[in-house]
Amino acid sequence: MLEQLLIFTRGGLILWTCKEIGNALKGSPIDTLIRSCLLEERSGAVSFNYDAPGAAYTLKWTFHNDLGLVFVAVYQRILHLLYVDDLLSMVKQSFSEIYDPKKMAYDDFDETFRQLRIEAEARAEELRKTKQVGKPVSSVKKQGQVSKAGLEGGNKRISEGGSKKDDGDGSKAKVGNLTNGHSNENHGMEDDASQKTELANGKENTSSNIAVDLSKLQKLRSKGVRGRGGVRKADSIGNKSSKVAPVEPAKKATKKNRVWDDAAPKQSKLDFTDSVDENGINDHVDIVAADQGESMMDKEEVFSSDSESEDDDGEPGSDEKPEAKKKGWFSSVFQSITGKANLERTDLEPALKALKERLMTKNVAEEIAEKLCESVEASLEGKKLASFTRISSTVQAAMEDALVRILTPRRSIDILRDVHAAKEQRKPYVVVFVGVNGVGKSTNLAKVAYWLLQHKVSVMMAACDTFRSGAVEQLRTHARRLQVPIFEKGYEKDPAVVAKEAIQEATRNGSDVVLVDTAGRMQDNEPLMRALSKLINLNSPDLVLFVGEALVGNDAVDQLSKFNQKLSDLSTSGNPRLIDGILLTKFDTIDDKVGAALSMVYISGAPVMFVGCGQSYTDLKKLNVKAIVKTLLK
């Protein structure tokens, strides 16, 4: 039984709800559907499951893209109603005929819906009865066909086994008759007799078979075919001669000039770890800032304009491709001039297929690219195509809007404001850096510390990577260079306890921010994931940052989904703490393969808060959404 069916616009205005059903829904399944599915470009899915205390719902929906309407049906998941899809399509067709943008209430649609519901239920019941009646008949027919085919096949094999003696020998006849003996149990005595006669014939005709085989072998050798156990010599010699003949003698490589060590340019200084002056503690940060400049986090406008200009410079080369493809679109010129009534799925498939391949070449995970194309297809199907507009440009514009919506953060990511809010409450702002091995957690933690120091925020580092050798020393080097305090307890300690003591120390010292470094761990490492969950549950940090490489493709989906799943499963509270933001590293090494950012944001829903683009402390910036979208669709 249906729990609810409602019709609303894409702007959120409810036009009609089924008053006849009138069941009060537990929780808020419609709001969750809009937030988690429709706004996240997951509308291409078949259904959406919503779990509430004491109820489990399944939601199905359809769109009328030309009118901008959404039709949603809600029912209990345990019922498995078969008529919901049919009912939604009939309601969509009937309501679109009476829809008026100026009209706000549709009370006269209640009777129409009652009739449509009765018709859909009758169709589903009739279909269920036909399936129940049709199953036994089909199974009986299949059994009869199989037995009949088995008997005919057995008789045919018997006749063939007795007649064909040229190509086979005694062993083949024996195998064939043995199989007939197993398949036809009622004729076992006849099969045994036939087996005896065939074996006798096989013994008598051994010499004749050998003669036939020898004559065949001679013919095959004359044709130049390889034998069973040997290799023909003429062919091998011919191949060798054919391979050796065209090969020219290799030219002697010219000797390159040798560069001696004395002639190599000398580096003025390679070790920067001891650049701290013993007497200049207070002005050491100013020295680092003078050497490396201002952090790129505060240069967002300059960087975005540079990236836009670079992309614009590269557009002429990319514009040549559409001009080359215009010949292929010549057949659809008349259609683009006159316009198309409504877009159908077959019209969208070629453009969506090309768009999916383009996204995958930009390092977007295949699963994510497919879901995005399904969502765009659902948003465009049935929409009217304007005149002088190509389907490919319409699809690309819809995909661009979808990508901007996905990558744009839906909440504030201003860490400085959150730090000042925590400072007013006289407690430190705690940030935990998590991720897999070797992605650059400690290095980018130092970059974030350097950026915070430039904004006059006091920082303390917590060395909670008690697992990897040299991790504490690495963080200690960064702390000494930046002249910030570090809390450490050495190795083989509980990282959750170390983080708790670090937060207490920061509270006593008046530090504004505590940056917690954790051990790198793979998403399948159960002991380390359990230790990470304990650290988060015990200390309740303000921000959990997932540090991931921009180089990964499909693995980004696996890493983030399993990290969130483990944190949820191992959490001791009813409201588990998941990943809040993403720090994308090694962004300067990927050229235009920026798809990992899209994959990570899509699978987790967490925004990209920082982007690492180099080795120095200043190489940290914000994500430029427009530049990323332009690169993905270029």
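Within each chain, residue numbers correspond to sequence positions counted from 1 in written order. It should be noted that, the model being predicted, local features are given only for residues of pLDDT at least 70 and side-chain atom pairs only at 80 or more, the latter also being counted only at that level, while totals for whole chains, interfaces and linings use all residues. Note: side-chain values were computed over all heavy atoms of the structure, leaving out hydrogens and water.

(A) The arrangement of the overall build of the protein chain in detail. Only DSSP runs of H or I covering at least 4 residues are called helices, and only runs of E covering at least 2 are called strands; the numbering of each starts at the N terminus. Along the protein chain, the regular secondary structure elements total 22 helices and 13 strands. Burial classification: accessible surface area is computed with a 1.4 Å probe over protein chains only, and a residue below 20% of its type maximum counts as buried, one above 50% as exposed, and the rest as partly exposed. With 634 residues in all, the protein chain has 38% of them scored as buried. The contacts in the protein chain between residues at least 6 apart in sequence include a share of 74% that link residues at least 24 apart. A total of about 36800 Å² of accessible surface is found on the protein chain, and carbon and sulfur atoms cover 53% of it. Residue contacts are counted whenever heavy atoms from the two residues lie within 4.5 Å of one another. Surface accessibility follows the Shrake-Rupley procedure with a 1.4 Å probe radius. Residue values consider only the protein chains on display as shielding.

(B) Representation of the packing of helix α18 (residues 495-509) against helix α19 (residues 526-539). Between α18 and α19, whose axes approach to 8 Å, the crossing angle comes to 30°. It follows from the interaxial angle that α18 and α19 lie roughly parallel. For the pair α18 and α19, the sense of crossing is right-handed. From α18, P495, A496, A499, K500 and I503 reach across to α19, where they touch K534, L535, L538 and N539. Each residue gets one of three labels, nonpolar for Ala, Val, Leu, Ile, Met, Phe, Trp, Tyr, Cys and Pro, charged for Asp, Glu, Lys and Arg, and polar for the others, Gly among them. Class assignment for the residues of the contact of α18 with α19 results in six nonpolar, one polar and two charged. Here an axis means a line fitted to C-alpha atoms, over the contact stretch when the element is a helix, while the angle between two N-to-C directions is reported on a 0 to 180 degree scale. An angle counts as roughly parallel when it lies under 35 degrees, as roughly antiparallel when it exceeds 145, as roughly perpendicular when it falls between 65 and 115, and as oblique in every other case. Each crossing gets its hand from how the near helix is turned against the far one by less than a right angle, where anticlockwise is left-handed and clockwise is right-handed.

(C) Local environment of the packing of aromatic side chains. Between rings of Phe, Tyr and Trp, where Trp is taken as its six-membered ring, a pair exists when centres lie within 6.5 Å; planes separated by under 30 degrees are stacked, by over 60 edge-to-face, and by other angles tilted. Summed over the entire model, instances satisfying the criterion amount to 10 aromatic pairs. Centroid distance W451 to F610: 5.7 Å. Interplanar angle 70°. Geometry classified as edge-to-face. Of this pair, W451 sits in helix α16 (residues 441-454) while F610 sits in strand β12 (residues 608-612), placing them 159 residues apart in sequence. The structure contains a cluster of three or more aromatic residues connected by ring pairs, namely W16, F71, F95, Y99, Y106, F109 and F113. Think of it as a cone above the ring: NZ of Lys or CZ of Arg counts as a charge over the ring if it is within 6 Å of the ring centre and within 35 degrees of the ring normal. A cation sits over an aromatic face here: R10 above F63, 4.7 Å from the ring centre.

(D) Up close: the pattern of salt bridges. Whenever Lys or Arg places a side-chain nitrogen within 4 Å of a carboxyl oxygen from Asp or Glu, that contact is recorded as a salt bridge. What the rule picks out here adds up to 27 salt bridges. The shortest N-O distance in the salt bridge between R530 and E526 comes to 2.9 Å. Taken together, the residues span about one helical turn, with R530 and E526 both in helix α19 at a distance of four residues. A residue is classified by how much of its surface remains accessible, and R530, at 46% relative accessible area, is partly exposed. The class for E526 is partly exposed, based on a relative accessible area of 30%. Of the charged contacts in the structure, one is a salt bridge between D580 and R577, with a shortest N-O distance of 2.6 Å.

(E) Region of interest: the sheet that holds strand β10 (residues 543-549). By the convention used here, strands pair only if DSSP detects at least 2 bridges between them. Ordered by their spatial adjacency, eight strands build an open sheet running β8-β7-β9-β6-β10-β11-β12-β13, and the pairing between neighbours is mixed. Of all strands in the sheet, those bounded by a partner on one side alone are β8 (486-487) and β13 (620-621). Together, β6 (429-434), β7 (459-463), β8 and β9 (513-517) form the strand contacts of α18, whose direction differs from that of β7 by roughly 160°. Sheet strands in contact with helix α21 (residues 595-604) are β10, β11 (581-585) and β12, and its direction is about 165° off that of β11.

(F) Representation of the sheet that holds strand β2 (residues 14-17) within the structure. The antiparallel open sheet is built from five strands, whose spatial order is β2-β1-β5-β4-β3. Of all strands in the sheet, those bounded by a partner on one side alone are β2 and β3 (48-52). Sheet twist, expressed as the mean angle between neighbouring strand axes with direction ignored, is 25°. Looking at chain direction, strand β4 (residues 55-64) and strand β5 (residues 69-76) are connected through eight bridges and run antiparallel. If you follow L59 over to β5, its bridge partner there is V74.

(G) Region of interest: the side chain of Q559. Structurally, Q559 is set in helix α20 (residues 555-569). Polar contact criterion, stated in full: a pair of N or O atoms within 3.5 Å, where within protein one must be able to donate a hydrogen and the other to accept it, and residues adjacent in sequence count only if both atoms are side-chain atoms. Here the side chain of Q559 touches D555 through a polar contact of 2.9 Å, side chain to side chain. Filtering out sequence-adjacent residues up to four positions away, Q559 remains in contact with V436, Q523, F546 and V552.

(H) Broad picture of the pairing of β4. Burial of β4 is extensive: eight of the 10 residues sit out of reach of the surface. Where β3 hands over to β4, the hairpin turn is made up of two residues, of which G54 adopts a positive phi near 85°. Hairpin connection of β4 to β5: four residues between the antiparallel strands, including G68 at a positive phi of 75°.

(I) Quick peek at the confidence of the model for the protein chain. How sure the predictor is of each residue is captured by pLDDT, a score from 0 to 100. On average, residues of the protein chain score 75 in pLDDT, and 67% of them reach the 70 mark or higher. The low-confidence segment residues 225-245 (pLDDT under 50) makes six contacts with residues lying over four places distant or belonging to another chain.

(J) Spatial organisation of the pairing of β2. Taken together, the three bridges between strand β1 (residues 2-9) and β2 define a ladder with antiparallel strand orientation. Considered in β2, the bridge of I7 is made with W16.

(K) Structural detail: the nonpolar core. The definition of a nonpolar core used throughout is a set of buried Ala, Val, Leu, Ile, Met, Phe, Trp, Tyr and Cys residues joined through side-chain atoms within 4.5 Å. Counting 109 residues, the largest nonpolar core has L515 and F610 as its most contacted members. Among the elements that line this core, the one with the most residues is α16, at eight residues. Other than its neighbours up to four places away in sequence, L515 contacts V431, F433, L445, V448, A449, L452, V459, M460, M461 and A462. Counting residues in each nonpolar core, the second largest holds 26 residues, with I21, Y75, L87 and F109 among its members.

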